[in-house]
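Summary of structural features
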Amino acid sequence: MKRWLVNFGITAGLLSLTACNTGADTIVQSESGDITKEEFYNELKAHGGDKVLKQMVETMLLEKEYNVTDQEIDAKVNEYKEQFGGEEGLKQALVENGIGDEQAFRKLVKRELLAQKATTDGVDVSEEEIKKEFEDKYKEEIKASHILVTDEETAKEVKERADKGEDFAGLASEYSIDPSSKDNGGDLGYFRKGMMVPEFDSVVFSLEVNEISDPVKTQYGYHIIKVTDKKTNTFKDKKGVIEEKLTFEKAKPIATVISDLQKEANITVKDKELEDVLETPQQTEME
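Residues numbered from 1 in each chain as written. Predicted model: local features only at pLDDT ≥ 70, side-chain atom pairs only at ≥ 80, totals over all residues. Heavy atoms only, no water.

Examining the pattern of salt bridges
In this structure the tally under the stated criterion is 22 salt bridges. Among the ionic pairs, Arg161 bridges to Glu166, the shortest N-O distance being 2.8 Å. Taking the relative accessible area as the measure of exposure, Glu166 reaches 35% and is therefore partly exposed. A single network of salt bridges, built from pairs that share partners, joins Glu133, Lys137, Lys245 and Glu249. (Salt bridge = Lys/Arg side-chain N within 4 Å of Asp/Glu carboxyl O. Buried < 20%, exposed > 50% of the residue type's maximum accessible area, 1.4 Å probe, protein only.)

Next up, the structure:
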């Protein structure tokens, strides 16, 4: 989400400007002077107008082939609200990325959904593929805590103290250099196979509940790991998530989709200064 906002936030404000249409050649009047549509257009063109035009054309092409409903946009917006901890969290994220207008954000969401539909059009994921992914990665989830230190000697010291029955959470607070987990007892929450680095992954899924590992070396340092819970998921509950994931993994590059649509549409840019703007389709979050 954040990467997507950064990529598209650059032109979000400019997109809202392109909607201006006063119906007159002069759009600003004052005793100090006037601003005409032509002056405004030239200024816009000089400050990111190529990006605006590229995005408008690409959106036009996608809208010609695919449909996104208001209900789908609402659902995606709600997903982002949940991801950012509610409406206020989302508003803050938008402000930080230069998107202060709700309508501009909804335009970006609509473009994302159009891109998703375009790149996954015709993609097929079989039941067998979904079942294999479930068995390999989604059937079991583990909840674990860890204490991350920089050297093996310290890791052995932590392990020894933990084996003697000292509070694991307290040791995490004292020793761990992982800022995201040390203050909550080293808790990493629930995760599935493949979500951690391989060295960590292979050890944590071999432990029993409440078992504490020997020091595990990864690119981040040395980990002491404690499994605190395990749960088994059902295929029914995870099927939709897996199918969506595998579909996006098979998705076509959005640049390829846009390029094909541009060829079919036989587009001509009449402004000579912008005539080359469509030569390279704009990079999007889907790539």
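So, next bit.
Some points on the confidence of the model for the protein
Mean pLDDT over the protein works out to 86, with 89% of the residues at or above the 70 mark. Ranking the elements of the protein by mean pLDDT puts helix 1 (residues 2-17) last with 42 and strand 5 (residues 216-218) first with 98. Considering only residues more than four positions removed or in separate chains, one finds that residues 1-23, a stretch of pLDDT under 50, has 54 contacts. Taken as a whole, residues 281-287 scores under 50 in pLDDT and shows 27 contacts with residues more than four places along the chain or in a different chain. (pLDDT = per-residue confidence, 0-100. Helix = DSSP H or I, 4+ residues; strand = E, 2+ residues; numbered from the N terminus. Contact = heavy atoms within 4.5 Å.)

Description of the packing of helix 2 (residues 37-65) against helix 11 (residues 254-265)
The interhelical angle for the contact between helix 2 and helix 11, taken along N-to-C directions, is 85°, at an axis separation of 10 Å. Classified by the angle between their axes, helix 2 and helix 11 sit roughly perpendicular to one another. Of the residues in helix 11, those in contact with Glu58, Leu61, Leu62 and Glu65 of helix 2 are Ile258, Leu261, Gln262 and Ala265. The residue inventory of the contact of helix 2 with helix 11, partitioned by class, reads 5 nonpolar, 1 polar and 2 charged. (Axes fitted to C-alpha atoms, helices over the stretch in contact; angles between N-to-C directions. Parallel < 35°, antiparallel > 145°, perpendicular 65-115°, else oblique. Nonpolar A, V, L, I, M, F, W, Y, C, P; charged D, E, K, R; others polar.)

Quick look at the nonpolar core
With 29 residues, the main nonpolar core has Leu62, Ile73, Val77, Leu90, Ile99, Phe105 and Val109 as its most contacted residues. The dominant element in this core, judged by the number of residues it contributes, is helix 5 (residues 102-120), at 8 residues. Ignoring anything within four residues of it in the chain, the contact list for Ile73 reads Val68, Arg106, Val109, Lys110 and Leu113. (Core = buried A, V, L, I, M, F, W, Y, C linked by side-chain atoms within 4.5 Å.)

Quick word on helix 5
End to end, helix 5 covers 27 Å across 19 residues, agreeing with the expected 27 Å (1.5 Å per residue, within 8%). Among the 19 residues of helix 5, 14 are classified as buried, and the element is accordingly described as predominantly covered. (Expected span 1.5 Å × (residues − 1).)

Topic: a negative patch on the surface
On the surface, a cluster of negative charge is made up of Glu65, Asp121, Asp260 and Glu264. With respect to the helices and strands, Glu264 occurs in helix 11. Judged by its relative accessible area of 61%, Glu264 falls in the exposed class. (Patch = residues over 30% accessible without salt bridge, like charges linked within 9 Å, V, L, I, M, F, W, Y side chains within 5 Å. Areas by Shrake-Rupley, 256 points an atom, 1.4 Å probe, with all protein chains shown as cover. Lys, Arg positive; Asp, Glu negative; His and termini not counted. Charge placed at Lys NZ, Arg CZ, Asp CG, Glu CD.)

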